[in-house]
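So you can see what is in the structure, the chains are spelled out below.
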Amino acid sequence: MEEKGEEARIVGLDQLPAALLATIMMMLDLSSICSAGSTCKTFRHCASHVLSFIPSIHLLEIAPSVEVLRPLLPPNPLMRSLKVDCDRLDDSAIRLLVRPSLHELHLHNCGYFSSRLLSEIGSQCGDLKSLYLGSVAEKTRQALRVSDLEELLSGCTQLEALFLMFDVSIFIRHNFAQVWALASTKLTSLEIGYISSVMIMELLDPNLEQTHIQPSVLPRIQKLSLSVDYITDAMVGTISRGLLSLTNLDLRDVPISEPRLPFDLTNSGLQQINQHGKLRHLSLVRSQEVLVTYFKRVNDLGILLMADRCANMESIYLGGFCRVTDTGFRAILHTCSSLYKLRVAHGALLTNLVFHDVRATSLSLTHVSLRWCNLLRNDGVKNLVSNVDLRVLDLRDCKSLGDEALRAIGTLPKLKILQLDSSVITDMGLSYLRWRVITSLTSLSLRGCKRLTDKGISLLFEDSSKYELQELDLSNIPSISDEGILSLARARLPILELRLRQCPLIGDTSIMALASMQAREEGWQGSRLRLLDLHNCGGITPLSFRWLKRPYFPRLRWLGLTGSVNRDMVDALARSRPFLHVVCHGEELGADPSNRLDDSYMREYDDIDEFEQWLLGGEDSGDDNDDNDDVDDEDVAMEVAGSDAEMEE
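Given the structure is predicted, the values throughout are model-derived calculations rather than measurements.

S.K.: Mind showing me how you'd approach the overall build of the protein chain here?
M.R.: The number of helices and strands found in the protein chain is 24 helices and 20 strands. The 649 residues of the protein chain split such that 55% are buried. Relative to all contacts within the protein chain whose residues are 6 or more apart in sequence, the contacts with residues 24 or more apart total 77%. With an accessible surface of roughly 27600 Å², the protein chain has 50% of that area assigned to carbon and sulfur atoms.

S.K.: What should I look at first to understand the packing of helix α2 (residues 18-25) against helix α4 (residues 41-50) in this one?
M.R.: Helix packing geometry: the angle between the two helix axes and the distance between the axes. Where α2 meets α4, the axes come as close as 10 Å, and the angle between the chain directions of the two elements is 65°. Once α2 is placed against α4, the crossing between them reads as right-handed. Contact residues: Ala 18, Leu 21, Ala 22 and Met 25 in α2; Thr 42, Phe 43, Cys 46, Ala 47 and Val 50 in α4.

S.K.: Explain the nonpolar core here, please?
M.R.: Generally speaking, a soluble globular protein has its nonpolar side chains buried in company with each other. Counting 188 residues, the largest nonpolar core has Leu 97, Ile 121, Trp 180, Leu 218, Ile 239 and Ile 409 as its most contacted members. Apart from the residues within four sequence positions on either side, Ile 409 is in contact with Val 381, Val 385, Leu 393, Leu 395, Leu 415, Leu 418, Leu 420, Leu 433 and Val 437.

S.K.: How should I be thinking about the pairing of strand β11 (residues 341-345) in this particular structure?
M.R.: Remember that side chains alternate between the two faces of the sheet whenever the strand is regular. Within β11, five of the five residues are buried, which leaves the element mostly enclosed by the surrounding structure. Because side chains alternate across β11, one face comprises the buried residues Lys 341, Arg 343 and Ala 345, and the other comprises Leu 342 and Val 344, equally buried. Here strand β10 (residues 315-319) runs beside β11; their pairing, made up of five bridges, is parallel. From the neighbouring strand, Tyr 317 faces β11, where its bridge partner is Arg 343. In this fold, β10 hands off to helix α14 (residues 326-335), which returns the chain to β11; that crossover is right-handed.

S.K.: Could you clarify how one ought to interpret the packing of helix α3 (residues 30-37) against α4 in this entry?
M.R.: Packing of α3 against α4 brings their axes to within 7 Å, and their N-to-C directions diverge by 150°. Considered as vectors, α3 and α4 are oriented roughly antiparallel to each other. In contact with Ile 33, Ala 36 and Gly 37 of α3, α4 contributes Phe 43, Arg 44, Ala 47 and Val 50. Class assignment of the residues belonging to the contact of α3 with α4 gives a composition of five nonpolar, one polar and one charged.

S.K.: I would appreciate a short explanation of empty space enclosed by the protein in the present structure.
M.R.: Rolled over the atoms, a probe with the dimensions of a water molecule shows which regions are left empty. Counting across every chain of the model gives two cavities of 30 Å³ or more. Approximately 90 Å³ is the volume found for the largest cavity. Taken together, Ile 239, Ser 240, Leu 243, Leu 244, Leu 246, Leu 249, Asn 274, Gln 275, His 276, Gly 277, Lys 278 and Leu 279 make up the full set of residues lining the largest cavity. Across the lining of the largest cavity, the residue classes tally to six nonpolar, five polar and one charged.

S.K.: How should the environment of Tyr 552 be read in this particular structure?
M.R.: Assignment of secondary structure puts Tyr 552 in the loop between α21 (545-548) and β19 (558-560). Once the C-alpha coordinates of Tyr 552 and Leu 514 are considered, the two residues, 38 residues apart in sequence, prove to be 9.2 Å apart.

S.K.: Looking at this structure, I do not really get the environment of Leu 107. What am I missing?
M.R.: Note on placement: Leu 107 falls in strand β3 (residues 104-108). For the pair formed by Leu 107 and Cys 86, sequence separation is 21 residues and the distance between their alpha carbons is 6.3 Å.

S.K.: What exactly am I supposed to notice about helix α19 (residues 482-491) here?
M.R.: Given 3.6 residues per helical turn, the α-helix brings residues three or four places apart onto the same face. Burial within α19 is extensive, with eight of its ten residues counted as buried. The set of residues buried in α19 consists of Asp 482, Gly 484, Ile 485, Leu 486, Ser 487, Leu 488, Ala 489 and Ala 491. Positioned one or two residues after α19, Arg 492 has a phi angle of 55°, which is positive.

S.K.: Which parts of the structure should I look at to understand the pairing of β3?
M.R.: Across five bridges, strand β2 (residues 81-85) lies against β3 in parallel orientation. For Lys 83, the partnering residue across the bridge sits in β3 and is His 106. Inspection of the sheet shows β3 paired to strand β4 (residues 130-134) by four bridges, in the parallel sense. The partner of Leu 107 across the bridge, within β4, is Leu 133.

S.K.: Which parts of the structure should I look at to understand the environment of Leu 30?
M.R.: Summarising the element assignment, Leu 30 is placed in helix α3. Judged by relative accessible area, Leu 30 falls into the buried class, the value being 5%. In the structure, Leu 30 is positioned 29 residues away from Leu 59 in sequence and 8.3 Å away in space, judged by C-alpha atoms.

S.K.: For this particular structure, what's the right way to read the packing of aromatic side chains?
M.R.: For the coordinates displayed, the defined rule picks out six aromatic pairs. Between the aromatic rings of Tyr 230 and Phe 263, the centroid separation amounts to 6.4 Å while the plane-to-plane angle is 50°, which identifies the pairing as tilted. Of this pair, Tyr 230 sits in the loop between β7 (223-228) and α11 (233-242) while Phe 263 is found in the loop between β8 (248-253) and α12 (267-271), placing the two residues 33 residues apart along the sequence. Given a relative accessible area of 34%, Phe 263 falls into the partly exposed group. If you follow Arg 371 out to its NZ or CZ, it ends over the ring of Trp 372, 4.0 Å from the centre. The positively charged end of Arg 434 is found above the aromatic ring belonging to Trp 435, 4.4 Å away from the centroid.

Parameters and conventions
- Residues numbered from 1 in each chain as written.
- Predicted model: local features only at pLDDT ≥ 70, side-chain atom pairs only at ≥ 80, totals over all residues.
- Heavy atoms only, no water.
- Helix = DSSP H or I, 4+ residues; strand = E, 2+ residues; numbered from the N terminus.
- Buried < 20%, exposed > 50% of the residue type's maximum accessible area, 1.4 Å probe, protein only.
- Contact = heavy atoms within 4.5 Å.
- Areas by Shrake-Rupley, 256 points an atom, 1.4 Å probe, with all protein chains shown as cover.
- Axes fitted to C-alpha atoms, helices over the stretch in contact; angles between N-to-C directions.
- Left-handed = near helix turned anticlockwise from the far one by under 90°.
- Core = buried A, V, L, I, M, F, W, Y, C linked by side-chain atoms within 4.5 Å.
- Pairing = 2+ DSSP bridges.
- Right-handed = clockwise from strand over helix to strand, strands pointing away.
- Parallel < 35°, antiparallel > 145°, perpendicular 65-115°, else oblique.
- Nonpolar A, V, L, I, M, F, W, Y, C, P; charged D, E, K, R; others polar.
- 1 Å grid on protein atoms, 1.4 Å probe; cavity = no way out; pocket = protein on both sides within 12 Å on 5 of 7 lines; lining within 4 Å.
- Points joined across faces, edges and corners; volume = space filled by probe spheres on them.
- Phe/Tyr/Trp six-rings, centres within 6.5 Å; stacked < 30°, edge-to-face > 60°.
- Lys NZ or Arg CZ within 6 Å of the ring centre and 35° of its normal.

Here you go:
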């Protein structure tokens, strides 16, 4: 009788008071709220109610349509933060997105919006403090009106951070500089996707005849990040003189022709940096995207002059300084005693001598990136790792590094990100990582290390340790086959992103293994993968598509396939999984890993599949009802086990 009484007192969660349910859901993030809402009608009604007073909504993992977005964004006077991937939206969604209560608004991939978006934000969001706009009008190719920019800057009087991640040079230049005089006096951070160096000069230099702007423009800017056509002495000098509070300066140029002397950076320009002594983070990069060109008018003297002014620098990134030798780079290491982050790209003359006496300095480097530094050898890495606090080490395209460098790297106890693309390491070198480093790594890139085989991958993950690895790149390794991927599946790694492009021996067996792989953590049933790149994997056949449908790979958001694969099957897959980005033309998937120098981007992505189910209204995803495609987990396990046994035999 007592047992029956206790059973009678048991109350299901869906029978709890609505106020209590709402209080509980308010403590969850958006995906968790929607996941709960997909379980029953009571929870769905409560989730819809909670969305009317939740303070923040972030939708960057999927690109919703207007129909999907509308129930997620009911009238909500308490909403303070909104972040949305707008790849499927246009001007018709402006009324949903632009709200007077917002303090933070981040809109990515706004290619189908016009510049009207700017004026609407300016007229509606007077309390906005942080604004991010990406790719505005890039797909429609409509002209951007300066009047819309003017309304944005004059209306958002509380702005502290502004990110205009598109080409602002297509604004008509007339009155462009004067418009910026209307910008919030509280603005401390400004990033622009692309702007010409001439427009920057007009904006910041009050002495130019064509402008009547006052010297007080952008008076409190501390962080400035610009992508320009040419980095010049005049532009660097204007920025350094005009921005009195500058602490972070990030300049990147993309020349379309070889710069002439008036349009280039020289030793004289470097000497003008940090005139007010407040700069802590500096980045000067010449991109190789359009034209292979360098800062040919800068040598060791310019770096020495800059180092004298930048003794308090904490982070330095120099890209494309082909005439700077070990003398210049050592001057930075021995002068900047607070330096913890060092990045060098295309350092053609950088050798082991840079780190020969790094132990004699007081440096405690935590982030080091040395890309395309082909004169760097194993001995240089041995000296570098005396900084035992290294968390990020990027040695991509340093093609002279081998197993001895990996032996030294294997002693680093705190390493989180390791990138070794195109090095000449072997399976033996890879085994040096298994004793200490592999259990702490969250990201490992071995792309183009062509001497590696399945044996090295198996050795690396044969222990039963608890791994934290979330990103793995094994692209362009010709000897990696299904056997290596089966060893990954057996290790039950918590991988979120796996890149296997240009691996000719990867086939259908790998897809089956990954579809059934379970992470050691949480006991998650099925794959945790969010990104899977299989471009140009020679063994992939149409049979693999049965494993790419539901319920397999429930969290997958990015999928790369070979362009020659059956187009009808690709289209059917895209229809059945509307939030899956399927790429067939060889593009790199997801965010560019080359620009990430820390592990702060690592996040858990729980309940994504239930989130998608809620967005689709709990309806069936529309997979094809082909009898040949009706498979269950037991079938997958049996086929994978059979393939595994065959491999071992």
